[in-house]
Amino acid sequence: MASASIPVYSSSNNPLENSSSHNASRESLKMEPLADCSLLPGEERIIDKDIIYICPFSGALKGKVFITNYRLYFKSTDALLFAYLSQEKFEENGWSVYKPMEEFRRQGLPNDKWRVTFINANYELCDTYPTILVVPFKATEEDLRKVCTFRSRGRIPVLSWIHRENQAVICRCSQPLVGMSGKRNKDDERYLDLIREANGTAKLTIYDARPSVNAVANKALASYLLHCMLVSEVRTEEATGGGYEGDDAYQNAELVFLDIHNIHVMRESLKKLKDIVYPNVEESHWLSSLESTHWLEHIKLVISGAIQVADKISGGNSVVVHCSDGWDRTAQLTSLAMLMLDSHYRTLRGFQVLLEKEWISFGHKFANRIGHGDKNHADQDRSPIFVQFIDCVWQMTKQFPTAFEFNERLLVTILDHLFSCRFGTFLFNCERARDTNELRSKTVSLWSLVNSDLSFYQNPFYTPESNRVLYPVASMRHLELWVTYYIRWNPRIRQQQQSPVEQRYIELLALRDEYLKKLEELQLSDSSPNSSHLSNSSTPNAASPTQHITHLHTPF
Amino acid sequence: MMEHIRTPKVENVRLIDRMAPRKAMVGTLYLSATHTIFVENNPETRRETWVLHSMVASVERPPTTPSGSHLVVHTKNFQVVQLLIPQERDAMDVQASLARLSRPEKYSELYCLSINPNANKEEREESWSFLDLQADYRRMGVPNNLWVSTPANSEYRVCDTYPSELFVPKSATPPVIVGSSKFRSRGRLPVLTYFHQDTLAAICRCSQPLSGFSARSQEDEQMLEAIMKSNPGSDYIYVVDTRPKLNAMANRAAGKGYENEDHYANIKLQFIGIENIHVMRNSQQKIIDVGELKTPSMGDFLWGLESSGWLKHIKAVLDAGVFIAKAVAEEGISVVVHCSDGWDRTAQACSVASVLLEPYYRTMKGLMLLIERDWVSFGHKFSHRYNHLEGDPKEVSPVIDQFLECVWQLSEQFPCAFEFNERFLVQLHRHVYSCQYGNFLGNSQKERRDMGLRERTHSLWPQLWKDRAQYANPLYRADHTQTQGMLRPNTTPYCFKMWKGMYNRVEKSSPPRQTPTDLLTAVREETQQLEEELTNHQERIAALTKADQTKGNAGQRKINKVCEEECRPGGLAPPTGDGPFTSPPQGYSPSQGGPPGSAMTLPLGPPKGPGPDPDDLSSACSDMESGVADLSSRSSSGGDDSKDPDEAVYCTA
């Protein structure tokens, strides 16, 4: 019945009843402000009772059952997530940060090669994708439906980002359902070729985020199976017949494996890391203990995978990125590559757009990965994929201290509210569930908080440079443990305090502005008609340090 | 030295960039009496790379390839220069020559002694009076009514590895002094090295007692008693033995060892566990190897780092300093520090404690004084430890490297507390090995006096002071809380990082990017310029108000004058520093085609720097005084932009 299949934070309305008139719901609200079950005109409540409903999918649920003269209605009373109770008010409405069409327009889309499709407006093509998708201009709606059958969970290749100059694109999707027998699908093959064709790339590069052995396992020849059972990633794929794009079928594509491990490996890795930093920081063998967690090694693989994607795009080649379902590793790779390529995403608001787009709207399963409001901590679906991504971003900000408009505080705030349930931003697995649960109207966005106090999250060293591609060094010597996050429980790690470097810089900037102002005043008080001449000579001062820095790039 | 040069010049040599092996410069290799010099053929740039012979640690020649013979030169400050020489015979000659040239057998072969001492006689004499150790003791409040100067060692009679001037407790009589020194290894009796004015507690240093299993000396016991009594508020002292306890016990068999707490009244003995020089030597080799790995995996790197043990040793040294500093400042208890001979671990522990205790030692001049006192004057065996002359390899050990690294690790934890930056420490490290200056030659004050180094060489300190602008930490502020009082570092293992600026310079500098510190330096300079400009304006206004203002165009004339001044090269603060942040004067934009003198607009022509002149010391180290010389040193620096011209072996002309 109704909400039972959506665990815990189930809300009242059955999707089928969405059509019930607004009047009715308002009326019922008036009548029964506490029981927000909307009654049809003429419908009367007969009984309401507290019961425990043994749901076949999610187990025992406490709730209320309402019986009317028309139907039986169950409403879970298990604690609502705080986000739905929060009364916080902010100057800004964070839900307006990301507007898909605006973002695509910023990228110069649609154009003569790429079109916007509303085929998924009702989540019929793919229930974990957003409603607005960008696909090759030449692909018809019918093509999309056909491709949909050949991709795991219907997550077809769609555009994430396009390079303004060379028109190379990053597309994302899930694995193809080639199965053990190496099935082929002409529509899928043709569709990928359309992506390649769009900017005249000779060979489309397909990045499979998984280790090649896992992907092979997914395809799984029979003789292979036994061996592959040992490899963790076989899970469901052999049943559903996942795999990767074979050479013969996709003539104009090259396949590259990026060797990033699955969610289970990452979960165990972070667990080991936790064990060496909490409740006590490992002392006697700190470095080898750190090594044994493999956390930094995973970070390295994710970053170097993203570097490869960004490098291909800069070279003018389009790429398709996928893993198994295309909502974990794929999101890490596309969003990191976009962060390297597009300086807009390195701004405070741009970064919010990036998260809203690549993670939230494309169905990274936040609810399952974090387990909001779920007691089952041992769930096999939990994994710190998003934490790992934020760690990668932090590593980049370390290596490029002037390239990001936001500071470490923003990253920590995001991670805090990833778990806090104070804001609606990271709740639910996909857009469809968010719509059903009226997330945007009933909860506050994290970005409302952030954007109401932007200066708190600003990096004073930020120097805008529009066309610079960042290639971080993914060498072990340059990756470090994010001590101010993972060991911040330690009172000696003073993360909240402003770093002295930042503080000093801000002070100096203020001092400089004060001097500039005084100089200007002096010039103004000088009533001579030529005073503009004087101010001219000092304009470069006013523009720096921004301008100052740009000059420094001039090679000697 | 010339007779050791088998071939003075080899043509068509390639200098290989280790990060990008396909990029190489073709040029000519010269061997001079003091340097190996590589000059690029490209007439546009003619970059020069200079390597001082005394900085060469080893020269390897891997098997010959079809394209020629490779020579891999490792320097004592952990840089690597790779050359490709077409003819195997030339390569062998160069290798053999360098093998001899880099291992001088007599002091007179060293660079600092190959210079005519009277060329700059006045400058030389002045350079040695730059630091005044006695003034630093006076700054600490010594001598006073507790501690007095003793003439006992004036002719190095009591201890030939100690300085001639020593401070001892006022109550220590000459027989106690002499008796105590007889009971200490190599006569290194307990004497004062640091006095804390607030608590009246002192740090004293010495060598191990010759106690064996049962020997005792009344005078030595009286000496420690006197030290305790010199601190009126306390009824005991700490004796810190910086060695692991096992090592200390093993020494008893050789008639040495440690203080027996039953014999000495009111002492508390504390072992710290810093390993000996042989362990440190091996450990450093391992961390150097980790720094040179081409593309290390996570396992290679972290296991390599851990199994080198280097950071553990650094932690041990820092822990020793923390123990001493806390005893002195927090408990107000005096500390006597020793190891075996009291010139390696003792020097480390005492000087680290001083840095922690005293803000003054975190300034440039303060650190110079500290090294001069705890290391140079107290007979740290520089020439043995840093292999200045061909000698016993078992004597070599990176003892001061560890002290400098402790300071660096501290500066990472307390970015505002130090007046100097990382570059200063790297430069100090370099000169400990380079023998370009006389400061670190020999093994004791007596040896240096006997060699007449003050009469024959120059001192390093004024040179560093002259270049202080490039060694300044822009975050340092005398009024910052970190600058005040004692530093209390966190010494849990995760707080120690590999010093990439020392052990992994190539990778550290690529890709070239800005650090917040560089930005900070730039804004600070800009602010200073603006401040000057403002003062100028105000002065002018004051002058003009005084003057008669009847003339209508007076204002205009004034403005023109200001503009001229702003556009004049060098009219503003001179560019300092050597990184990519040599900033243009802010008064005009480069697009206006500024006059020469701005680093930004100078053509890339061949540097017109002074020719290599072995007689002129200042040409051997990069001269950062003027913007022009600065640029020339950039364009002639070794290899590529990623190499810092003032760093280490790359001397530029």
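Residues numbered from 1 in each chain as written. Chains lettered and ligands numbered in written order. Predicted model: local features only at pLDDT ≥ 70, side-chain atom pairs only at ≥ 80, totals over all residues. Heavy atoms only, no water.

Our next topic: the overall build of chain B. Looking only at helices and strands, chain B features 24 helices and 14 strands. For chain B, the residues scored as buried account for 59% of the 653 residues in total. Within chain B, counting contacts between residues at least 6 apart in sequence, those at least 24 apart form 70% of the total. Of the roughly 25500 Å² that chain B leaves accessible, carbon and sulfur atoms contribute 51%. (Helix = DSSP H or I, 4+ residues; strand = E, 2+ residues; numbered from the N terminus. Buried < 20%, exposed > 50% of the residue type's maximum accessible area, 1.4 Å probe, protein only. Contact = heavy atoms within 4.5 Å. Areas by Shrake-Rupley, 256 points an atom, 1.4 Å probe, with all protein chains shown as cover.)

This part is about the overall build of chain A. Each helix and strand in chain A was counted, giving 22 helices and 10 strands. Counting across all 556 residues of chain A, residues that qualify as buried make up 56%. For chain A, restricting intrachain contacts to residue pairs at least 6 apart in sequence, the fraction spanning at least 24 positions comes to 73%. Working note: accessible area of chain A is about 23900 Å², and carbon and sulfur atoms make up 53% of it.

It is worth spelling out the side chain of Arg-448 of chain B at this point. Counting through the fold element by element, Arg-448 of chain B comes out in helix 15 (residues 445-451). If near-sequence neighbours (up to four positions away) are discounted, Arg-448 of chain B is found in contact with Val-376, Ser-377, Gly-438, Asn-439, Leu-441, Gly-442 and Leu-453 of chain B.

In a beta sheet, neighbouring strands are held together by backbone hydrogen bonds and run either parallel or antiparallel to one another. Residue and element names in this part refer to chain B. One open sheet holds the five strands; their spatial order is 10-11-14-12-13, and the pairing between them is mixed. Taken across any chain shown, the strands that pair with only one partner, and hence form the sheet edges, are strand 10 (191-195) and strand 13 (267-271). The sheet shows a mean angle of 25° between the axes of neighbouring strands, direction not considered. Here strand 10 runs beside strand 11 (residues 202-205); their pairing, made up of four bridges, is antiparallel. Across the sheet, Val-191 pairs through a bridge with Arg-205, a residue of strand 11. Sheet strands in contact with helix 10 (residues 345-357) are strand 10, strand 11 and strand 14 (335-338), and its direction is about 165° off that of strand 11. (Pairing = 2+ DSSP bridges. Axes fitted to C-alpha atoms, helices over the stretch in contact; angles between N-to-C directions.)

Bringing the packing of aromatic side chains into the picture now. A complete count under the given rule lists 39 aromatic pairs over all chains for this structure. For the pair Phe-420 of chain B and Phe-424 of chain B, a centre-to-centre distance of 5.1 Å together with 35° between the ring planes defines the contact as tilted. One exposure class covers both Phe-420 of chain B and Phe-424 of chain B, and it is buried. For Arg-106 of chain A, the ring lying beneath its charged end belongs to Tyr-345 of chain A, and the centroid distance is 5.1 Å. For the cation-ring pair, Lys-268 of chain B lies above Tyr-236 of chain B, with the distance from its terminal atom to the ring centre recorded as 4.2 Å. (Phe/Tyr/Trp six-rings, centres within 6.5 Å; stacked < 30°, edge-to-face > 60°. Lys NZ or Arg CZ within 6 Å of the ring centre and 35° of its normal.)

Turning to the packing of helix 12 (residues 348-361) of chain A against helix 14 (residues 385-399) of chain A, a few remarks are in order. Residues and elements named next belong to chain A. The geometry of helix 12 relative to helix 14 is characterised by a closest axis approach of 14 Å and an angle of 145° between their N-to-C directions. Relative to helix 14, helix 12 is oriented so that their crossing is right-handed. Residues Phe-351, Leu-355 and Trp-359 of helix 12 lie in contact with helix 14, whose contacting residues are Ile-385, Phe-386, Phe-389, Ile-390 and Val-393. Looking at side-chain class alone, the contact of helix 12 with helix 14 contains eight nonpolar, no polar and no charged residues. (Left-handed = near helix turned anticlockwise from the far one by under 90°. Nonpolar A, V, L, I, M, F, W, Y, C, P; charged D, E, K, R; others polar.)

Cis geometry marks the peptide bond from Leu-109 of chain A to Pro-110 of chain A; its omega dihedral reads -5°. With phi around 50°, Glu-438 of chain A is a residue other than glycine that occupies positive phi space. Judged by relative accessible area, Glu-438 of chain A falls into the partly exposed class, the value being 32%. For Leu-200 of chain B, which is not glycine, the phi torsion reads 65° and is therefore positive. Taking the relative accessible area as the measure of exposure, Leu-200 of chain B reaches 31% and is therefore partly exposed.

All names here are of chain B. Here helix 7 (residues 277-292) contains 16 residues, and its C-alpha end-to-end distance of 23 Å stays within 8% of the 22 Å for a straight helix at 1.5 Å per residue. All buried positions along helix 7 are accounted for by Ile-277, Met-280, Ser-283, Gln-284, Ile-287, Ile-288, Val-290 and Gly-291. Around the axis of helix 7, the buried residues are gathered within 155° of arc, so they sit on the same side. Buried residues along helix 7 sit in contact with helix 8 (298-308), helix 9 (310-331), helix 12 (382-385), helix 13 (399-413) and helix 19 (500-503). Put simply, Asn-276 is the residue that caps the front of helix 7, since its side-chain oxygen is 3.1 Å from the backbone nitrogen of His-278. (Expected span 1.5 Å × (residues − 1). Arc of directions from axis to C-beta. Polar contact = N/O pair within 3.5 Å; in protein donor to acceptor, adjacent residues only side chain to side chain.)

Another point: the pairing of strand 1 (residues 9-16) of chain B. Residue and element names in this part refer to chain B. Looking at chain direction, strand 1 and strand 2 (residues 24-31) are connected through six bridges and run antiparallel. The residue bridging Leu-15 from the neighbouring strand is Met-25, located in strand 2. Summarising the sheet, strand 1 and strand 7 (residues 80-85) pair through three bridges and their orientation is antiparallel. Bridging across to strand 7, Ile-16 finds its partner in Gln-82.

So, on to the confidence of the model for chain A. Note that predicted coordinates carrying low pLDDT should not be read in detail. Residues of chain A with pLDDT of at least 70 account for 79%, and the chain-wide mean is 81. The low-confidence segment residues 1-35 of chain A (pLDDT under 50) makes 46 contacts with residues lying over four places distant or belonging to another chain. (pLDDT = per-residue confidence, 0-100.)

A word on the nonpolar core. One finds Phe-351 and Phe-386 of chain A together with Phe-403 of chain B to be the most contacted residues of the largest nonpolar core, which totals 212 residues. Per element, the largest residue contribution to this core is 12 residues, and it comes from helix 9 of chain B. For Phe-403 of chain B, the residues in contact, after removing those within four places along its chain, are Ser-351, Val-352, Val-355, Leu-367, Leu-370, Ile-371 and Trp-375 of chain B. (Core = buried A, V, L, I, M, F, W, Y, C linked by side-chain atoms within 4.5 Å.)

Residue and element names in this part refer to chain A. Turning to its location among the elements, Arg-210 is positioned in the loop between strand 8 (204-208) and helix 5 (212-219). Judged by its relative accessible area of 0%, Arg-210 falls in the buried class. Here Gly-243 takes part through its backbone oxygen, which lies 2.9 Å from a polar atom of the side chain of Arg-210.

The next thing to look at is the pairing of strand 4 (residues 48-52) of chain B. Residues and elements named next belong to chain B. With five of its five residues buried, strand 4 lies for the most part within the structure. With burial as the criterion, each face of strand 4 is covered, one bearing Glu-48, Trp-50 and Leu-52 and the other bearing Thr-49 and Val-51. Bridging between strand 3 (residues 35-40) and strand 4 involves five bridges; their strand directions are antiparallel. In the strand pairing of strand 4, Phe-38 is matched with Thr-49.

The subject of this paragraph is the pattern of salt bridges. Residues and elements named next belong to chain A. Here the structure, examined in full by the defined rule, presents 58 salt bridges over all chains. Two residues, Glu-438 and Lys-442, come together in a salt bridge whose shortest N-O distance is 3.6 Å. As a salt-bridge pair, Asp-513 and Arg-512 come within 3.5 Å of each other at their nearest N and O atoms. Of the residues examined, Asp-513 reaches a relative accessible area of 41% and is grouped as partly exposed. (Salt bridge = Lys/Arg side-chain N within 4 Å of Asp/Glu carboxyl O.)

Another point: the sheet that holds strand 4 of chain B. All names here are of chain B. Strands sit in the order 4-3-2-1-7-6-5 across an open sheet of seven strands; the sheet is antiparallel. Every other strand in the sheet has two partners, leaving strand 4 and strand 5 (56-60) as the edge strands with one partner each. Averaged over all pairs of adjacent strands, the angle between their axes in this sheet comes to 30°, without regard to strand direction. Sitting on the sheet, helix 1 (residues 88-101) touches strand 1, strand 2, strand 3, strand 5, strand 6 (69-75) and strand 7, and the angle it makes with strand 6 is about 20°.

What follows is about the confidence of the model for chain B. All names here are of chain B. Confidence in the prediction for chain B averages 82 pLDDT; 81% of positions are at 70 or higher. Per-residue pLDDT stays below 50 along residues 508-512; that stretch engages in eight contacts with residues further than four places along the chain or on separate chains. Across residues 552-653, where pLDDT falls below 50, the model places 195 contacts with residues more than four positions away in sequence or in other chains. Here the predicted complex scores 0.79 on pTM and 0.74 on ipTM.

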